Amino acid sequence: QVQLVESGGGLVQPGGSLRLSCAASGSIFSIFSIASMGWYRQAPGKQRELVATISSIGGTNYADSVKGRFTISRDDAKNTVYLQMNSLKPDDTAVYYCNVRVERAGNSRDYWGQGTQVTVSS
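All of the points below concern the structure found in this document.

Conventions we followed
Residues numbered from 1 in each chain as written. Predicted model: local features only at pLDDT ≥ 70, side-chain atom pairs only at ≥ 80, totals over all residues. Heavy atoms only, no water. Pairing = 2+ DSSP bridges. Helix = DSSP H or I, 4+ residues; strand = E, 2+ residues; numbered from the N terminus. Axes fitted to C-alpha atoms, helices over the stretch in contact; angles between N-to-C directions.

Below, the discussion takes up the sheet that holds strand β8 (residues 80-85). With respect to topology, 4 strands assemble into an open sheet ordered β1-β3-β8-β7, the strand pairing being antiparallel. With partners counted over all chains shown, the strands left at the sheet margins are β1 (3-7) and β7 (70-75), one partner each. The average angle at which neighbouring strand axes cross in this sheet is 15°, direction not considered. As defined by bridge partners, strand β3 (residues 18-25) adjoins β8 across 6 bridges and the pair is classed as antiparallel. By the bridge assignment for β8, A23 is matched with T80.

Let us now look at the pairing of strand β9 (residues 94-104). Relative to β9, strand β4 (residues 33-42) runs antiparallel, the two sharing 9 bridges. Paired with M37 across the two strands is V100, which belongs to β9. Pairing analysis gives 3 bridges linking β9 to strand β11 (residues 116-120), with the strands arranged antiparallel. Bridge assignment links Y96 to a residue of β11, and that residue is T116. Two elements, β9 and strand β10 (residues 107-112), share 6 bridges in a ladder whose sense is antiparallel. Of the residues in β10, the one forming a bridge with V100 is Y111. Here β9 folds back onto β10 in antiparallel fashion, the turn holding 2 residues, of which A105 has a positive phi close to 50°.

Shown next, in the form of structure tokens:
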């Protein structure tokens, strides 16, 4: 019904950069509209946390820990959300999950990607 294909994770040295992408597809988008897209992350032994979200009108929200270093953007024509990550730190090491929230007539649903590993290490 919904497919979220993530890409761009990997191993990078501290101070380096990575760009994550998440392309959403599926029949549901012909019925529901995308309310927001975003990225969450989960480090070993920790709960999943919000990294950044972007609304249908382009409003953004960032975790304090990534403000000034990460930038979220979206391409509505491609139903794709991006996360540009700069000045990466070892604490950014986690599995990053794409999230898409769709809505119609007051009802909303959340969909998640499979996750992509980001490792920041020298």
